[in-house]
Amino acid sequence: MSLPDSDATGVQKPAVYQYSFTRGSDQAAERAAETADTAELAHSLELLRSTSLHLSLFKIVLTDVDAEQGTIAMQRAFGRGGMFASLAAGGFTLLLIGTDIDSRITNAMTVQSIYAALADLGLRSRLEVAAIHSPAPEIGDPDDILLHLANLPTDQHPFGRAA
């Protein structure tokens, strides 16, 4: 006989985490910016908070490509080097880990990687970026920091200029 939360071998299955964003009707519109992959990103941030790693979170908006092209460009730009999520309002959230160099250099390298990926795909787009750089323990509540990032104003980067 097997337990309800175990598999056929009797091994306990890992817990499944679900996120609920029901903090009241006032905040319902703010929480609309969250998607399923931002919940996964928030969970990753929660796990990273116990480390001493330096994190960089970016809000990236590609204004002249559709969502599918943007996703392909982000995959090409960051592959396994970063974790990204789509924002419901458009654009992406990008998490880079171990970015303890100067934040201006991190920003420039990120913008340059995106433009290189767009060029490889034969695409051109204006780019808007906002960034938060912080040691992991100082991130605070992952859901709140992602909401804050989604609402940050962005800086425009003309095509061909990294910083």
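What counts, and where the lines are drawn
- Residues numbered from 1 in each chain as written.
- Predicted model: local features only at pLDDT ≥ 70, side-chain atom pairs only at ≥ 80, totals over all residues.
- Heavy atoms only, no water.
- Phe/Tyr/Trp six-rings, centres within 6.5 Å; stacked < 30°, edge-to-face > 60°.
- Helix = DSSP H or I, 4+ residues; strand = E, 2+ residues; numbered from the N terminus.
- Expected span 1.5 Å × (residues − 1).
- Buried < 20%, exposed > 50% of the residue type's maximum accessible area, 1.4 Å probe, protein only.
- Arc of directions from axis to C-beta.
- Contact = heavy atoms within 4.5 Å.
- Polar contact = N/O pair within 3.5 Å; in protein donor to acceptor, adjacent residues only side chain to side chain.

Chemist: Give me the lowdown on the packing of aromatic side chains, citing residues and values where you can.
Modeler: Counting across every chain of the model gives one aromatic pair. Pairing Phe 84 with Phe 92 gives two aromatic rings, centres 5.8 Å apart and planes at 80 degrees, and the pair type is edge-to-face.

Chemist: An account of helix α3 (residues 67–78) is needed here, citing residue identities and associated values.
Modeler: The end-to-end C-alpha distance of α3 is 16 Å, a good match for the 16 Å that twelve residues give at a rise of 1.5 Å each. Residues Gly 70, Ala 73, Met 74, Ala 77 and Phe 78 constitute the buried set of α3. Projected down its long axis, α3 carries its buried residues within an arc of 105 degrees, all on one side. Along its buried surface, α3 packs onto β1 (54–62), β2 (83–86), β3 (92–97) and α4 (103–120). Among the residues of α3, the N-terminal cap falls to Asp 66, whose side-chain oxygen and the backbone nitrogen of Glu 68 are separated by 3.2 Å. Looking one or two residues past α3, Gly 79 carries a phi angle of roughly 40 degrees, positive in sign.

Chemist: I'd like to hear about the environment of Leu 152, residue by residue, with values.
Modeler: Residue placement: Leu 152 occurs in the loop between α5 (142–151) and β5 (155–157). A C-alpha to C-alpha distance of 9.9 Å links Leu 152 and Phe 58, two positions 94 residues apart in sequence. Setting aside residues no more than four positions away along its own chain, Leu 152 makes contact with Lys 59, Ala 130, Ala 131 and Ile 132.

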